[in-house]
Amino acid sequence: TFYNGDYDKGVTVFDAGHFGWMAGSWVAADARWVDRVREFNPHLVMLCFGTNDLGVYNAATFQTNLTSMVDRIEGELTDPNTHSIAIVAPWEPKN
């Protein structure tokens, strides 16, 4: 989905999240999401993984999956030096 609330200011959000997917799901998925990165050529890509991965993957596998995604994203950006990729840790609710 798109959020166009600040479109006039040049801000567009493309939410490509998929309920229940893990980092490995994106690595194994077809390349449509990679096509979107190429199409939109964003200034910022935010990856928020970890919640669904917890208890399924060990840390080394999770790191490999994240590294693979970052490499694929950087490979699609017109100039990776002018773009940022933020890896966001899952939130932890406070009791």
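This write-up is about the structure you can find in this document. Just so it is clear, the structure is predicted and the values come from calculations on it, not from any experiment. (Residues numbered from 1 in each chain as written. Predicted model: local features only at pLDDT ≥ 70, side-chain atom pairs only at ≥ 80, totals over all residues. Heavy atoms only, no water.)

### Points about unusual backbone geometry
Right, on to step 1. Look at asparagine 41: it is not a glycine, yet its phi comes out positive at around 45 degrees.
Right, on to step 2. Along the chain, the position of asparagine 41 falls in the loop between α2 (32–40) and β3 (44–48).
Right, on to step 3. For asparagine 41, a relative accessible area of 22% corresponds to the partly exposed category. (Helix = DSSP H or I, 4+ residues; strand = E, 2+ residues; numbered from the N terminus. Buried < 20%, exposed > 50% of the residue type's maximum accessible area, 1.4 Å probe, protein only.)

### Points about the environment of threonine 61
Right, on to step 1. With respect to the secondary-structure elements, threonine 61 resides in helix α3 (residues 59–76).
Right, on to step 2. Distance from threonine 61 to glycine 24, taken between C-alpha atoms, is 8.5 Å for residues 37 residues apart in sequence.

### Regarding the packing of aromatic side chains
Right, on to step 1. The tally for this structure, following the rule as stated, stands at two aromatic pairs.
Right, on to step 2. Ring centres of tryptophan 21 and tryptophan 26 lie 4.8 Å apart, and the angle between their planes is 65 degrees; this geometry places the pair in the edge-to-face category.
Right, on to step 3. We classify tryptophan 21 as partly exposed; its relative accessible area is 27%.
Right, on to step 4. A residue is classified by how much of its surface remains accessible, and tryptophan 26, at 12% relative accessible area, is buried.
Right, on to step 5. An angle of 90 degrees between the planes, with centres 6.2 Å apart, marks the rings of tryptophan 26 and tryptophan 33 as edge-to-face.
Right, on to step 6. In this structure tryptophan 33 comes out as buried when scored by relative accessible area, which is 11%.
Right, on to step 7. Chaining the aromatic ring pairs together yields one cluster made of Trp21, Trp26 and Trp33. (Phe/Tyr/Trp six-rings, centres within 6.5 Å; stacked < 30°, edge-to-face > 60°.)

Geometric descriptors of this kind do not, in isolation, establish any biological role.
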